[in-house]
Amino acid sequence: MTTTTPPPTVAAPTRPAPATPPGRRRRGARRSTPLTIAMLAALAYFLLPLFWLLIASTKSTQDLFNSFGLWFSHAPQLLTNVRETLTQDDGVFLRWLVNTVLYAGVSAVGAALLAAAGGYGFAKFRFRGDRAAFNLVLGAVMVPTTALAIPTYLLFAKAGLVNTPWAVVLPSLVNPFGLYLMRVYAQDAVPDSVLEAARIDGAGEARIFFRIALRLLAPGLVTVLLFTLVATWNNYFLPLIMLNDPDLYPVTVGLSSWAAQAQNGGAGSSSDMLALVVTGSLISIVPLVVAFLLLQRYWQSGLAAGGVKQ
């Protein structure tokens, strides 16, 4: 019996998927109108105060009350306001700005290093009571700093540190949230194999931390540095109760004293004092904007890693 072999089946050629035209969105991407409105509202909420501050810094005190708040007056005088702000009371604003840079800079660097060392220790070392100590740190995150201001003042008064720069710098070095963030980040950012290899080569723990771990922790370190920088720069209540000498004031307390003079018409106040307060507020945020622009990529990567890694 002769068997007939069926001819081989030839598969039909598969057509490549048509490319998505540049002007057409993918099928999975959908546009949500409520979400867009919510994002625009959030954008306006954050940017409108900055826009108002920029516009108000170009006005005199009279124009602040007599012109539309979100647009320039007929006679903008930004340069005049800046010059008067920097020369008011023999240039005390520049002293306040230098004080703020000193307080915030030292506090940010110190708090970042302490948080990195503490987070690295909690992540890579096991010791008796480490879990309880870390839970204590988590509990400290929930305590508002204003609740600790009065006890801190009493402790510093006993130590004789009130009305000194240390009264502002030392409390700012303690950052429980920064320590928590660095612990979570160091758990995965610093491989155990690298540490073991360094120990086998004879490196001490201090050298391993400063030469190896600290470089791997750089994104998280910059994140803590920026958070502490902003918190100390904007801190008002702690310097208010700790400092009595106007030459030691930061910008926040100094501008508040100017605003009080403008409202009460005290000695040394002028008709344009309120305009100087507004202009000083604009000048005081410029260093923070520059810091965020320069360190933005480190801050974003460190924040994302701290929020995702376990």
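Before reading further, recall that the structure is shown in the block above.
Residues numbered from 1 in each chain as written. Predicted model: local features only at pLDDT ≥ 70, side-chain atom pairs only at ≥ 80, totals over all residues. Heavy atoms only, no water.

**Some words on the overall build of the chain**
So, point 1. Scanning the chain for helices and strands turns up 15 helices and zero strands.
So, point 2. Out of the 310 residues in the chain, the part that is buried amounts to 33%.
So, point 3. In the chain, the share of contacts with a sequence separation of at least 24, taken over all contacts with a separation of at least 6, comes to 74%.
So, point 4. Accessible surface, the chain: about 19500 Å² in total, of which carbon and sulfur atoms supply 65%. (Helix = DSSP H or I, 4+ residues; strand = E, 2+ residues; numbered from the N terminus. Buried < 20%, exposed > 50% of the residue type's maximum accessible area, 1.4 Å probe, protein only. Contact = heavy atoms within 4.5 Å. Areas by Shrake-Rupley, 256 points an atom, 1.4 Å probe, with all protein chains shown as cover.)

**So, the environment of Arg 126**
So, point 1. Along the chain, the position of Arg 126 falls in the loop between α4 (92-124) and α5 (130-141).
So, point 2. With a relative accessible area of 58%, Arg 126 lands in the exposed category.
So, point 3. A polar atom in the side chain of Arg 126 sits 3.1 Å from the backbone oxygen of Phe 122. (Polar contact = N/O pair within 3.5 Å; in protein donor to acceptor, adjacent residues only side chain to side chain.)

**Details of the pattern of salt bridges**
So, point 1. Inspection of the entire model under this criterion finds four salt bridges.
So, point 2. Across the salt bridge formed by Arg 199 and Glu 196, the nearest N and O atoms sit 3.2 Å from each other. You can see Arg 199 and its partner Glu 196 sitting in helix α9 (residues 192-200), three residues apart, about one turn around the helix.
So, point 3. Here Arg 199 falls in the partly exposed class, since its relative accessible area comes to 26%. (Salt bridge = Lys/Arg side-chain N within 4 Å of Asp/Glu carboxyl O.)

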